[in-house]
Structures are given as C-alpha cells and as structure tokens.
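# Structure assessment
Here is how the chains run, residue by residue.
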Amino acid sequence: MYTIVEIGQAHDGSLGMLHAYIDAVATTGVNAIKFQTHIAQAESSIHEPFRIQFSKQDITRYDYWKRMEFSQEQWIDIAEHCAAVGLDFISSPFSNAAVDVLEKAGVVSYKVGSGEVNNHLLLEKIIATGKPIIISSGMSSYEELDETVAILKNSGVPFSVLQCTTSYPTEPEQYGLNVIAELKQRYQVPVGFSDHSAQIATGIAATALGAEILEFHAVFDKAMFGPDVSSSLTIPEIKELVKGVTAIHHALKHPVDKSNNSAFAKVKKIFEKSLAVNKKLPKGHIITFEDLEAKKPKGYGILASEYKNVIGKKVSKDMVAWEFLTDETIE
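Parameters and conventions
- Residues numbered from 1 in each chain as written.
- Predicted model: local features only at pLDDT ≥ 70, side-chain atom pairs only at ≥ 80, totals over all residues.
- Heavy atoms only, no water.
- Helix = DSSP H or I, 4+ residues; strand = E, 2+ residues; numbered from the N terminus.
- Buried < 20%, exposed > 50% of the residue type's maximum accessible area, 1.4 Å probe, protein only.
- UniProt positions renumbered as here; feature names shortened; annotations may be inferred.
- Axes fitted to C-alpha atoms, helices over the stretch in contact; angles between N-to-C directions.
- Parallel < 35°, antiparallel > 145°, perpendicular 65-115°, else oblique.
- Left-handed = near helix turned anticlockwise from the far one by under 90°.
- Contact = heavy atoms within 4.5 Å.
- Nonpolar A, V, L, I, M, F, W, Y, C, P; charged D, E, K, R; others polar.

### A word on the environment of Gly156
- Locating Gly156 in the fold gives a position in the loop between α7 (142-155) and β6 (159-164).
- Note on Gly156: relative accessible area 61%, which makes it exposed.
- Along the backbone, Gly156 and Gly130 are 26 residues apart, and their C-alpha atoms lie at a distance of 8.6 Å.

Put into structure tokens, the structure is as follows:
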C-alpha cells in the first residue's frame, strides 16, 4: 500500500506553513507528500472563475494562483526537506513550465490532476521526463480515460490510475468505490483511490476493495482557511488511517484457508463441548432432549453436535446430574 498525503494549497501560500506540513506529515507513517505546482501566468488568466468563492483576499482566481507560487530555489528546498524526513516528493504540475521547475527540484513522480487528464500537451511533457505518473480520474469518462491511458501505455512510462470524485467534501453516494475494481479490470495497471471525504473509514474501505494507492488531503485544523479544508483529514486522523490501511493491506496479503482449521485443534478441545445429563436419571431411562446439556471440555463425552444420536436411547446405568454421556453410558 502506497499512501500519499495531499497538501495542495493547505499552506495558503506560506512557505513556512508548507515546511511545517512536511515535518508533521513525516510523523504519520505515509510514504509520500504531494503538492501542487502553480505558475499563474503559464496556467491561468484573469478570466478563470473561482471553483468555490472562498477567498476574501484574492480578487481573481489568477491572483490566488499567483499567491500560491514558489520560486525555483524554494521548490528545491522543499524537495530536499521531503527527502530528509523520508517522504517521497510528488507534485501536480498545472503547466509545462511547472514541469521544468519540478524536474530541477528532483520530483520523484508526477500526479496528473483530474482537470488535466485531457491536457495531452502537459501529459506529453511529463512523459518525456520518464518518471512514474499517477492519473486522477475525477472528471473523466471512460472514453476520455481510454484515450489518456492509451497514450501512457504507448509511452512505456509506468503509471497508475486513481478513482476520484471531484466533489469537496465527497458524500458517501459519490465515493464510487465500485470503480476501483472496474479500473483494475479495464486497464490492468495499479489502481488507487483519491479521497475527498474527510473520513477515515473511506480509505480503509477502498483498501479492502483493492486500492493499492491511497491519497488524501491534510490540514492542521478543520477551522483553517482554504478550498480543501472540508475534504481534509487532520494529522491525528491521518495516523489512525495509516494504521488501519496498513493492517487491512497486510490482511489481504495473507488469505485465510477456511477449509483448514487445524491451527485451532488445541483451543477447540477447550471451547467445544461434550454431552451431559442435566438431572439424575435411573438406569433404563429413555433419553429426551430435555435431559441433555452441553459442557466443556470436548472429549469427555459424546460430541454435543451428535445429540440427536442419543435421543430415544436408554441409559445403561444410574446417572447423577451433570454427568457426561459416553458410549458406555447408553444402550
């Protein structure tokens, strides 16, 4: 299981906040931390509308992206910080120019966001780096994904596909957990789940259904400012999620053979039961259901599961209450 924490714009343009997120995420046990690399002039214009009108300080969406920018040197420092704390440095570029920045910074792999799946210009730029690519399928139909996947397969670059719903936060009826199996069957590549539900259970469920990659947003506090806060997990929640998905992933790698219970032979003798009588019975008494009880341990009388075989038979001797029934005590 490969786990990725998405920081996105949770840093709100603060370099100090971004580095604080790196240190915090390093304590959670995830494999990677993912950012978004924005160069406003290359990716946007003043005509771009806000997805969510959340900002009080940015007049246009272009202004927001401008505020989210970091310099080449800052991205190099970010990558070095990630490596120093043991996190893979991943980012989603939103322009070809951003790919150049990330290459100089030494990005480990690329994430292609839901809105960029049909941006084949950007896709070709990323493919040229030869680095692994993760595709998010949030806004894509199968027809659109088929075209992108075909380009990736022809390129020979390793890639994976994530089931994703572009809704913040995602409601249960929108999760699309069924799509995980569909993507595996359709493309025969590693498949994962990009989660915007802000719920620990969703990632655990996706893991149980076969997701091999799990991505989720992080925020220090759900009262913070930003477009993705409502779809994010806090650092303590991420720790719980990682603990859960690690256990489930481990369990899936160790299927249980239910036809073989030999490992429980010893404990079965303790917990399973033998037949006994529940009252004093005279010799020759015909045994009825009401005369029987099952008592631990197994092996001291006829098996409790075989009670029907003794009903209607006579006891061969006087029996005291709670005495075990054996083959020698019935005729």
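The rest of the description comes next.
### Section: the UniProt feature "domain: AFP-like" (unreviewed entry) in the protein chain
- Following the UniProt record, one finds the feature "domain: AFP-like" (unreviewed entry) at residues 274-331.
- Strand forms 14% of residues 274-331 and helix 0%; the C-alpha atoms that close the span are 18 Å apart.

### Let's talk about unusual backbone geometry
- With omega at -5°, the peptide bond leading from Tyr168 into Pro169 counts as cis.
- Here Lys296 and Pro297 are connected by a cis peptide whose omega angle stands at 5°.
- Mapped onto the fold, Pro297 is located in the segment after β11 (292-295).
- Even without being glycine, Gln188 reaches a positive phi, approximately 55°.
- Here Gln188 lies in the loop between α8 (178-187) and β7 (191-195).
- Residue Gln188 is classed as exposed on the basis of its relative accessible area of 60%.

### What to know about the packing of helix α6 (residues 120-127) against α7
- The contact between α6 and α7 brings their axes to 11 Å, and the two run at 20°. In terms of orientation, α6 and α7 fall into the roughly parallel class. Both α6 and α7 take part in a crossing whose hand is right-handed. When α6 is examined against α7, the residues His120, Leu123, Glu124 and Ile127 are found in contact with a partner set consisting of Glu147, Thr148, Ile151, Leu152 and Ser155.
- The residue makeup of the contact of α6 with α7, split by class, is four nonpolar, three polar and two charged.

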